[in-house]
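# Structure assessment
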Amino acid sequence: MVGERLRRLRHERDERLVDVAGRAGVSVQYLSEVERGQKEPSSEVVESLCAAFGLTVLDLAAQIVEDHTSRAIAPAPSAAARATDVFPVLMAA
């Protein structure tokens, strides 16, 4: 979720990976991996990335919570629907 939000921030500000990575003191490759969810940044790196965007870690956390809560949550399927998805052959018999 951190990487997703950082990528969204960078795109919203029309910035390049190289610009943000340079301000944060991390490599472009590393920032790219963080944004794609391939690397989990340390708290120090998260703090540096937040500073590169002019944010606090609390600001970033609040944005992540807002993103997460604003997503539409689909209702859970009924037990019968789940059973037919998992065991279609058995349920058809």
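Check the entry above for the structure.
Report on the accompanying structure. As the structure is a computational prediction, the values presented were derived from the model and not from experiment.

### Notes on the side chain of Glu15
Among the secondary structure elements, Glu15 is positioned in the loop between α1 (2–12) and α2 (17–24). At 2.7 Å, the side chain of Glu15 forms a polar contact with the side chain of Arg23.

### A short note on the pattern of salt bridges
Under the criterion given, the structure shown has eight salt bridges. Between Arg7 and Glu35 there is a salt bridge, and its shortest N-O distance comes to 3.2 Å. With Arg7 in helix α1 and Glu35 in helix α3 (residues 28–35), this residue pair connects regions lying 28 residues apart in the sequence. Judged by its relative accessible area of 5%, Glu35 falls in the buried class. Glu35 is the partner of Arg10 in a salt bridge, and the nearest nitrogen-oxygen pair spans 2.8 Å. With Arg10 in helix α1 and Glu35 in helix α3, this pair connects stretches of sequence that are 25 residues apart. Classification of Arg10 by relative accessible area gives buried; the value is 7%. If you follow the salt bridges from partner to partner, you end up with Glu4, Arg5, Arg8, Glu12 and Asp67 in one network.

### Concerning unusual backbone geometry
Even without glycine at this site, Asp14 takes up a positive phi of about 55 degrees. Within the element layout of this structure, Asp14 appears in the loop between α1 and α2.

### A word on the nonpolar core
Core analysis: the biggest nonpolar cluster contains 17 residues, and Leu6, Val26, Leu49 and Leu60 have the highest contact counts within it. Here the element with the most residues in this core is helix α4 (residues 43–52); it accounts for five residues. Sequence-distant contacts of Leu60, that is, excluding residues within four places in its chain, are made with Val2, Arg5, Leu6, Leu9, Val46 and Cys50.

### Thoughts on the packing of α1 against helix α5 (residues 57–70)
Geometry of a packed helix pair, given as the angle between the helix axes and the separation of the axes. Put simply, α1 and α5 touch, their axes get as near as 10 Å, and they point 100 degrees apart. Classified by the angle between their axes, α1 and α5 sit roughly perpendicular to one another. Across from Val2, Arg5, Leu6, Arg8 and Leu9 in α1, the residues of α5 making contact are Leu60, Gln63, Ile64 and Asp67. Split by residue class, the contact of α1 with α5 holds five nonpolar, one polar and three charged.

### Regarding α2
Among the residues making up α2, those that are buried are Val20, Ala21 and Ala24. Looking straight down α2, one finds that the buried residues subtend no more than 100 degrees of arc, so they occupy a single side. Where α2 is buried, its residues meet α1, α3 and α4. Of the residues flanking the end of α2, it is Gly25, one or two places downstream, whose phi is positive at about 75 degrees.

Conventions and cut-offs
- Residues numbered from 1 in each chain as written.
- Predicted model: local features only at pLDDT ≥ 70, side-chain atom pairs only at ≥ 80, totals over all residues.
- Heavy atoms only, no water.
- Helix = DSSP H or I, 4+ residues; strand = E, 2+ residues; numbered from the N terminus.
- Polar contact = N/O pair within 3.5 Å; in protein donor to acceptor, adjacent residues only side chain to side chain.
- Salt bridge = Lys/Arg side-chain N within 4 Å of Asp/Glu carboxyl O.
- Buried < 20%, exposed > 50% of the residue type's maximum accessible area, 1.4 Å probe, protein only.
- Core = buried A, V, L, I, M, F, W, Y, C linked by side-chain atoms within 4.5 Å.
- Contact = heavy atoms within 4.5 Å.
- Axes fitted to C-alpha atoms, helices over the stretch in contact; angles between N-to-C directions.
- Parallel < 35°, antiparallel > 145°, perpendicular 65-115°, else oblique.
- Nonpolar A, V, L, I, M, F, W, Y, C, P; charged D, E, K, R; others polar.
- Arc of directions from axis to C-beta.

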